[in-house]
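Survey of secondary and tertiary structure
Here is what each chain is made of, one letter per residue.
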Amino acid sequence: MAIEILPKELNGTVHIPPSKSISHRAIIAGALSQGRSTVGNVMLSADIKATCNALISLGIHMEIQKYEGNRYQIIICGKENMEPVETTIDCIESGSTLRFMIPIAALAGGRVTFQGRGKLVERPLNIYYEIFKKQGIEYRNHDGKLPLTICGGLKPDNFYIRGDISSQFISGLMFVLPLLKEDSAIIMKTPLESKGYVDLTIDVLKSFGVHVENNNYNSFHIKGNQRYIPTTFKVEGDFSQAAFWLAAGALSGRVASRGLNLNSLQGDKDILRIIQAMGGRLEIGDDTIIAHKSSLKALDVDASQIPDLVPIIAVMAALSKGTTTIKNAGRLRIKESDRLKAIATELNKIGGKVSELNDGLNIEGVENFTGGIVDCWNDHRIAMALAIAATRCNKPLIIMGEEAVNKSYPDFWKDYETLGGVLGVSSDGK
Ligand SMILES: O=C(O)C1=C[C@@H](OP(=O)(O)O)[C@@H](O)[C@H](O)C1
Ligand SMILES: C=C(OP(=O)(O)O)C(=O)O
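Residues numbered from 1 in each chain as written. Chains lettered and ligands numbered in written order. Predicted model: local features only at pLDDT ≥ 70, side-chain atom pairs only at ≥ 80, totals over all residues. Heavy atoms only, no water.

Looking at an unreviewed UniProt entry, one finds the chain named 3-phosphoshikimate 1-carboxyvinyltransferase and attributed to Lutispora thermophila DSM 19022. Quoted verbatim from the Catalytic activity (unreviewed entry) field of UniProt, the annotation for the chain is "3-phosphoshikimate + phosphoenolpyruvate = 5-O-(1-carboxyvinyl)-3-phosphoshikimate + phosphate". What UniProt states about the chain under its Sequence similarities (unreviewed entry) heading is, verbatim, "Belongs to the EPSP synthase family." (UniProt positions renumbered as here; feature names shortened; annotations may be inferred.)

Read from one edge of the open sheet, 4 strands run 18-19-21-20, paired in mixed fashion. Bordering the open sheet on either side are strand 18 (301-302) and strand 20 (353-357), each of which pairs with just one other strand. In this sheet, strand 21 (residues 360-364) lies alongside strand 19 (residues 323-327) in antiparallel orientation, the contact comprising 4 bridges. Paired with T325 across the two strands is N362, which belongs to strand 21. This element, helix 9 (residues 310-318), spans strand 18, strand 19 and strand 21 of the sheet and lies at about 20° to strand 21. (Pairing = 2+ DSSP bridges. Helix = DSSP H or I, 4+ residues; strand = E, 2+ residues; numbered from the N terminus. Contact = heavy atoms within 4.5 Å. Axes fitted to C-alpha atoms, helices over the stretch in contact; angles between N-to-C directions.)

Before going further, it helps to examine the site of ligand 1. Near ligand 1 you find 13 residues, and of these R25, S166, S167, D308 and R331 are the closest. Between ligand 1 and S167, the relevant distance is 2.5 Å, taken from an oxygen atom to a side-chain nitrogen or oxygen of the residue. Look at ligand 1: alone it shows 390 Å² of surface, and the protein chains cover 96% of it. Every element with two or more residues in the shell around ligand 1 is listed here: helix 1 (20-31) and helix 3 (95-108). Grouping the constituent residues of the shell around ligand 1 by class yields 3 nonpolar, 6 polar and 4 charged. Both domain 1 (2-17 + 237-425) and domain 2 (20-223) contribute no fewer than three residues apiece to the shell around ligand 1. (Near = heavy atom within 4 Å. Polar contact = N/O pair within 3.5 Å; in protein donor to acceptor, adjacent residues only side chain to side chain. Areas by Shrake-Rupley, 256 points an atom, 1.4 Å probe, with all protein chains shown as cover. Nonpolar A, V, L, I, M, F, W, Y, C, P; charged D, E, K, R; others polar. Domains from an automatic or database assignment.)

Right, let's get into the site of ligand 2. Taken together, 14 residues form the shell around ligand 2, and within it K20, S96, R123, R381 and K407 come nearest. Note that an oxygen atom of ligand 2 is positioned 2.8 Å from one of the side-chain N or O atoms of K20. Class assignment of the residues belonging to the shell around ligand 2 gives a composition of no nonpolar, 5 polar and 9 charged.

One finds W245, L347, F412 and Y416 to be the most contacted residues of the largest nonpolar core, which totals 76 residues. Broken down by element, this core gets its largest block of residues, 10 residues, from helix 7 (residues 239-252). With sequence-adjacent residues up to four places away left out, F412 is seen in contact with F244, W245, M384, A387, I388 and V405. Counting residues in hydrophobic clusters, the runner-up holds 73 residues, among them I74, I102, V112 and L146. (Core = buried A, V, L, I, M, F, W, Y, C linked by side-chain atoms within 4.5 Å. Buried < 20%, exposed > 50% of the residue type's maximum accessible area, 1.4 Å probe, protein only.)

On to the confidence of the model for the chain. Across the chain, the average pLDDT comes to 97, with 99% of residues at 70 or higher. If you check the scores for this complex, the pTM reads 0.98 and the ipTM reads 0.99. (pLDDT = per-residue confidence, 0-100.)

Moving on, we get to the UniProt feature "domain: Enolpyruvate transferase" (unreviewed entry) in the chain. As recorded in UniProt, the feature "domain: Enolpyruvate transferase" (unreviewed entry) lies at residues 7-414. Helix makes up 30% of residues 7-414 and strand 26%, whereas the separation of the span's terminal C-alpha atoms amounts to 17 Å.

Quick look at the pairing of strand 9 (residues 145-151) now. Among the 7 residues of strand 9, 5 are classified as buried, and the element is accordingly described as predominantly covered. As paired elements, strand 7 (residues 110-115) and strand 9 share 4 bridges and run antiparallel to each other. By the bridge assignment, R111 is partnered in strand 9 with C151. Where strand 8 (residues 138-142) folds back onto strand 9 in an antiparallel hairpin, the turn is made up of 2 residues, including D143, whose phi is positive at roughly 55°.

With that settled, the discussion passes to helix 5 (residues 168-176). Every α-helical turn comprises 3.6 residues, leaving residues that sit three or four positions apart pointing alike. Among the 9 residues in helix 5, 9 count as buried, and that is most of the element. Listing the buried residues of helix 5 in full gives Q168, F169, I170, S171, G172, L173, M174, F175 and V176.

Following the criterion strictly, the structure yields 16 aromatic pairs and no others. Centroid distance F132 to Y139: 5.5 Å. Interplanar angle 55°. Geometry classified as tilted. The class of F132 is buried, set by a relative accessible area of 3%. Grouped by ring-pair contacts, the aromatic residues F244, W245, Y409, F412, W413 and Y416 constitute a single cluster. The residue whose ring lies beneath K195 is Y217, and the NZ or CZ to ring-centre distance is 5.4 Å. (Phe/Tyr/Trp six-rings, centres within 6.5 Å; stacked < 30°, edge-to-face > 60°. Lys NZ or Arg CZ within 6 Å of the ring centre and 35° of its normal.)

Partitioning the chain into domains gives domain 1 (2-17 + 237-425) and domain 2 (20-223). Placing the centre of domain 1 and that of domain 2 at their C-alpha centroids yields a distance of 29 Å. Contacts between the two partners involve 28 residues from domain 1, matched on the other side by 25 residues from domain 2. Approximately 2,200 Å² of surface area, both sides summed, lies buried where domain 1 meets domain 2, with 47% of it carried by carbon and sulfur atoms. Across the contact surface, domain 1 and domain 2 share 3 salt bridges. The shortest N-O distance in the salt bridge between E193 and R331 comes to 2.9 Å. Counting every contact that joins domain 1 to domain 2 gives 18 residue pairs in polar contact (both at pLDDT 80 or more). Here the residues of the side of domain 1 that touches domain 2 are counted per class, giving 7 nonpolar, 10 polar and 11 charged. (Buried area = accessible area lost by both parts, 1.4 Å probe. Salt bridge = Lys/Arg side-chain N within 4 Å of Asp/Glu carboxyl O.)

A word on the UniProt feature "binding site: 3-phosphoshikimate" (unreviewed entry) in the chain. Per the UniProt entry, the sites bearing "binding site: 3-phosphoshikimate" (unreviewed entry) are K20, S21, R25, S166, S167, Q168, S194, D308 and K335 in this numbering. Along the chain, K20 turns up in helix 1. Those residues within four positions of K20 in sequence are excluded, and the remaining contacts are D47, I48, D238, R381, K407 and S408. Turning to its location among the elements, S194 is positioned in the loop between strand 11 (184-188) and helix 6 (195-207). If we skip the residues at most four places from it in the chain, S194 touches S167, S304, Q305, P307 and R331.

Right under this line is the structure:
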């Protein structure tokens, strides 16, 4: 499918969707609690559905009820001791689901097969394979790719892990180590990247009564024999998604983003500092942030803690005065697409001046984009970043594969239209 976007500035208010990262975590924590938990303000994106279905496959009962508007609340009847099952879990394209559910399946025991689609099939899992080998856990994959079958039995241990592949391995282990009979430690072999996501894990665990000791991100000590306590939890707004609308305001109009927690631990809250440092004018209120059209200037960005912001930062940088370097972004090549190659290729098709570095991007600002046809590489964040680029195109922009947004933000196009965006189905993008 393809969508055509007319070049038009965006104005108005968006109710920011709930955080995908926090939703995954709260639903999992509810599933590991003995009894009934409620996770409110959840959006049923493809990734969140994948996590719910994975837990249901492991024998957890859930009921999904309407909450407010297009949000849901999930009533979860959790179990401290999941019974071993023989099952298959389809993680669709969700890296978080896969990397969070593998240790949970290893805790439950039984024989669990993990499947995935698109790039997920080959996103790295070596860190878990090393643990399985060390602990004698039986597993089988297909030339290092999915499907993966594991036969449980995770034991308490000192886990030595690299910090520059994905923080999702650390989060995944943190869900289950507190439930083992003895204490464990996760010790970083190299500095941890995406720290904010580990903060979110520790914080959600704390809401469910589970404690992890963080020794300055060098190591994490986790006491065994802990219990998750059933909880009522409300998910806050998603700064990674708000970033697209904040950028839309800074580039093209006046956009208010509602439903954000300014005290959030989300690493992607850093978008506020970045837009302001680029010269963007933000009005920051209690739960609403208004971004005003501003003349932006280049800013060098270290992406090691904020990988998901890179595509939209690249769009802003491409329309800023001066030359921006984004560094420490090598991990972007192992997401839903090679995001460095994807954003450089597509912005250059519409008049951007972006060159790829090994672990980043070099971006020379231009006044406007031309418009034309671009592809989103089956990647939701590339699709959304290109949609915001359309606000500064001279001609219409056709985005191929726009349905990719369903992974994290199924209402993205509806919200785009709420802000006055004009969309049409394109016949060019067959
Ligand atoms: O734990 C999480 O919720 C996430 C961690 C990050 O991945 P990495 O730790 O692999 O960078 C991020 O890119 C992803 O979208 C969500
Ligand atoms: C990389 C992402 O998610 P995941 O790793 O869960 O697939 C993302 O949402 O951009």
